[in-house]
Amino acid sequence: MLLEIFSLFILSLDLLTKPQNLQKSPQTDAGGVDAPLSQELLSCLHTLSPNETELARLLRDSTDGKGQATTTTATTTLPPTESDAEVEAAARLLLSRSPPSLSAVLVKRGGKGSMLVERIEGEGGGGQASAASASSSSSSSSVRVFAQPAARVASVVDTTGAGDCFTAAYCVAWLRELGGGRGKEKNSEEEKDAEEEKREKVQQRLRFATAAAALCVTRAGALPSMPSQVEVERFLEGGGGFS
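In this text, all values refer to a predicted model and were calculated from it rather than measured experimentally. (Residues numbered from 1 in each chain as written. Predicted model: local features only at pLDDT ≥ 70, side-chain atom pairs only at ≥ 80, totals over all residues. Heavy atoms only, no water.)

Asks: Help me get a handle on the packing of helix 3 (residues 52-60) against helix 4 (residues 84-96), residues and values and all.
Replies: Two numbers describe how helix 3 lies on helix 4: the axes approach to 10 Å, and their chain directions differ by 45°. The angle between helix 3 and helix 4 places the two elements in the oblique class. Our pair here, helix 3 against helix 4, has a crossing hand that is left-handed. Across the interface between the two elements, E52, L55, L58 and L59 from helix 3 touch V87, A90, A91, L93 and L94 from helix 4. By residue class, the composition of the contact of helix 3 with helix 4 is eight nonpolar, no polar and one charged. (Axes fitted to C-alpha atoms, helices over the stretch in contact; angles between N-to-C directions. Helix = DSSP H or I, 4+ residues; strand = E, 2+ residues; numbered from the N terminus. Parallel < 35°, antiparallel > 145°, perpendicular 65-115°, else oblique. Left-handed = near helix turned anticlockwise from the far one by under 90°. Contact = heavy atoms within 4.5 Å. Nonpolar A, V, L, I, M, F, W, Y, C, P; charged D, E, K, R; others polar.)

Asks: Now, about the side chain of R144: what can you tell me, with residues and values included?
Replies: Turning to its location among the elements, R144 is positioned in strand 6 (residues 143-148). Relative accessible area serves as the criterion here: at 5%, R144 is assigned to the buried category. Within polar-contact distance, the side chain of R144 engages the side chain of E195 at 2.8 Å. (Buried < 20%, exposed > 50% of the residue type's maximum accessible area, 1.4 Å probe, protein only. Polar contact = N/O pair within 3.5 Å; in protein donor to acceptor, adjacent residues only side chain to side chain.)

Asks: With reference to specific residues and values, describe the pattern of salt bridges.
Replies: Overall, the coordinates contain 13 salt bridges when judged by the stated rule. Here K198 makes a salt bridge to E118, at a shortest N to O gap of 3.7 Å. A residue pair is termed long-range when its members are at least 10 positions apart, and K198 in helix 6 (residues 188-216) and E118 in strand 4 (residues 114-119) qualify at 80 residues. Between E231 and R219 there is a salt bridge; the shortest N-O distance is 2.9 Å. (Salt bridge = Lys/Arg side-chain N within 4 Å of Asp/Glu carboxyl O.)

Asks: Quick one: what's the story with the packing of aromatic side chains, residue by residue and with numbers?
Replies: Throughout the structure, instances matching the rule amount to one aromatic pair. Where Y170 meets W174, the ring centres are 6.2 Å apart and the plane angle is 65°; that geometry is what we call edge-to-face. Residue Y170 and its partner W174 are both found in helix 5 (residues 162-177); the two are separated by four residues, about one turn of the helix. Accessibility expressed as a relative area gives 1% for Y170, which makes it buried. (Phe/Tyr/Trp six-rings, centres within 6.5 Å; stacked < 30°, edge-to-face > 60°.)

Asks: Can you tell me about the pairing of strand 6, naming the residues and giving the values?
Replies: Counting buried residues along strand 6, six of its six residues qualify, which places the element largely inside the surrounding structure. Going residue by residue along strand 6, you find V143, V145 and A147 tucked away on one face and R144, F146 and Q148 tucked away on the opposite face as well. Alignment of strand 4 against strand 6, held across six bridges, turns out to be antiparallel. Looking across to strand 6, one finds that M115 is bridged to A147. (Pairing = 2+ DSSP bridges.)

Right under this line is the structure:
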């Protein structure tokens, strides 16, 4: 869904209900609009999914969370977002400048895979950035960081739509998890188990989305290249192009 269309839709939806009351929290990519995202829109989102270039632009054009621009209109230099450490640092900073309701930044990195930087529930943003190693997850006092390598394919035919495919597949994997409710309160041991389960679910979403994008680039075109859920599951069952 194009961001400019999604923006109008989600802001209209917010008139009816707040994101914290939605079972299915909004998620969108950051393509289609070369302009700063408003705090109003960000407050309606759970996950924002830019690529590396979009992440740099969003950070350059972001505000301090109070509507005050952090850069001047004369600033044209984009912050670096190439290495693992640079992407993590940029995502952390973008979260710190965004409303608390924006819970995660999911960065699409092409052949380098993806990285998810997610707020830990009940804690604010910030903290020092550290390099995230491939296919691993780490956490600080305020965020969890998940790094997912790209899947290997025999040949790349067309990368058109791969980013959109990744974002949509991540959302599909997430929606398949939803249901139930909060359930009873957990003791400390159960909380530890729940944290491990949450980490595993996030990693599974990333692997599913990565596998879908890998299949996408092996075909020509945009819509014709989108794989089915069955195709993605079969690809994963066969190893999914992962080591």
